[in-house]
Structure formats: C-alpha cells, structure tokens
Amino acid sequence: MSHNAIYPGTFDPITYGHINILEKAAKQFDHTILAVADYTGKPTTFNLEERYQLCLEATAHLENVSVKKFKGLAVDFAISQGCSVMIRGLRAVSDFEYELSLALTNTKLNPQIETVFLIPSLRYMYLSSSLIRQLADLGSCLKDFVPPCVELALAQKYKS
Ligand code: ADP
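Rules and cut-offs
- Residues numbered from 1 in each chain as written.
- Predicted model: local features only at pLDDT ≥ 70, side-chain atom pairs only at ≥ 80, totals over all residues.
- Heavy atoms only, no water.
- Near = heavy atom within 4 Å.
- Polar contact = N/O pair within 3.5 Å; in protein donor to acceptor, adjacent residues only side chain to side chain.
- Areas by Shrake-Rupley, 256 points an atom, 1.4 Å probe, with all protein chains shown as cover.
- Helix = DSSP H or I, 4+ residues; strand = E, 2+ residues; numbered from the N terminus.
- Pairing = 2+ DSSP bridges.
- Axes fitted to C-alpha atoms, helices over the stretch in contact; angles between N-to-C directions.
- Contact = heavy atoms within 4.5 Å.

Considerations on the site of the ligand
Working step 1: Near the ligand lie 17 residues; those nearest to it are Tyr-7, Thr-10, Phe-11, Gly-89 and Leu-127.
Working step 2: Contact between the ligand and Thr-10: an oxygen atom at 2.6 Å from a side-chain N or O atom of the residue.
Working step 3: At 2.9 Å, a backbone N or O of Phe-11 approaches an oxygen atom of the ligand.
Working step 4: Taking 550 Å² as the accessible area of the ligand by itself, protein coverage stands at 91%.
Working step 5: Listed by contribution, the elements that provide at least two residues to the shell around the ligand are strand S1 (4-9), helix H1 (16-28) and strand S4 (85-89).

Topic: the sheet that holds strand S3 (residues 65-70)
Working step 1: Spatial ordering of the open sheet is given by S3-S2-S1-S4-S5, a layout of five strands whose pairing is parallel. On the outer flanks of this sheet lie S3 and strand S5 (114-118), each paired with one strand and no other. Neighbour-to-neighbour, the strand axes of the sheet open up by a mean angle of 30°, direction not taken into account.
Working step 2: Sheet analysis places S1 next to S4, joined by two bridges and oriented parallel. Within S4, the residue paired with Ala-5 across the bridge is Val-85.
Working step 3: Seen against the sheet, H1 touches S1, strand S2 (31-37), S3, S4 and S5 and runs at an angle of roughly 150° to S2.

Next comes the structure, spelled out in structure tokens:
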C-alpha cells in the first residue's frame, strides 16, 4: 500500500526550515504533497500564486514531492489526494500549543488523518517566514535562510 503525506501551510514565503521538514518527510513517505493554503486567516505578503511558484522552484530537487494549491480544509484536501498523514513542523516550545490544538481539531474533523510532527535540524529551529519578512524589509542578506529564488522575490517585494 502506498503511504502518502501532505504538508500543508501558508509558506509566505517558503524557507530552508520548511524544506528541511519536507526532505525529512520525503525520506519517510512514498509521496509527499506540499499543500499551499489559499485561506490563511491572516494577510499574506505573497499571493497564492506567488507562494505556490516559489514552493515549486524551491522543491524541484525532491523527486517524490509535488506542490499543490488548496482551498478549504486541509483534512478534506488530504482525503481528496489519498493522504492519511499530515506533516507539521515543530520548532521551539512556542509552536507547541498552536500545533497541538490544530492537530486535535483536525482529528475531530476527520479521525482518518493522523498528524505527524517532525523536528527540524538545529540550525533551522528558530527560522520562521515572519522573521524572514522582517529581515528582508530591513535589507538583510538572506542566503543562509531561503533559496535564491525566494531571496530574489523578497528583494523585489521590499524594493518599493
Ligand atoms: P501555517 O500558517 O499553517 O503555520 P507555515 O507556512 O508558517 O504555515 O508553516 C507550515 C508548517 O511548517 C508549520 O507546522 C510550521 O510550524 C512549520 N515550520 C515553519 N518553519 C519551520 C522551521 N524553521 N522548522 C520546522 N518547521 C517549520
């Protein structure tokens, strides 16, 4: 039986932290779908199409990973794609409460989907998209944190 996973998120924008989690997932599952959410509940810097395109470029090296956009509930999208596992990343303790409530809510919505938490390598533990956006706004060098395509997109976005 094939074992497929979904890794949903906002990816505004995708960072080496997300990619680190995705690489770990790709080793464990036959196929992993990076699912870029349309609805995020918060204003985003990059629109859905921009976030999707950057994810596509940044994950092109991963053979058993595909990138898709989705609307609505992540659990519904997971089922429609034949995935039984939802990947989420856990960084510091600060992620824990939010991720726990999300995982429990998703189990309530659909008990068929199991949330699996992956922990990033130490060097990505404190990396977040919001931190990256602030650094970009301040004109910082981002090459250790995001792939070149994202660095370029951020430079263009914050130029104005
Ligand atoms: P969301 O808005 O759904 O939280 P994000 O794009 O911010 O979407 O994050 C998607 C998932 O990736 C979340 O589980 C988040 O905790 C995880 N994540 C983000 N950055 C990192 C990182 N540096 N290391 C590990 N996990 C991360």
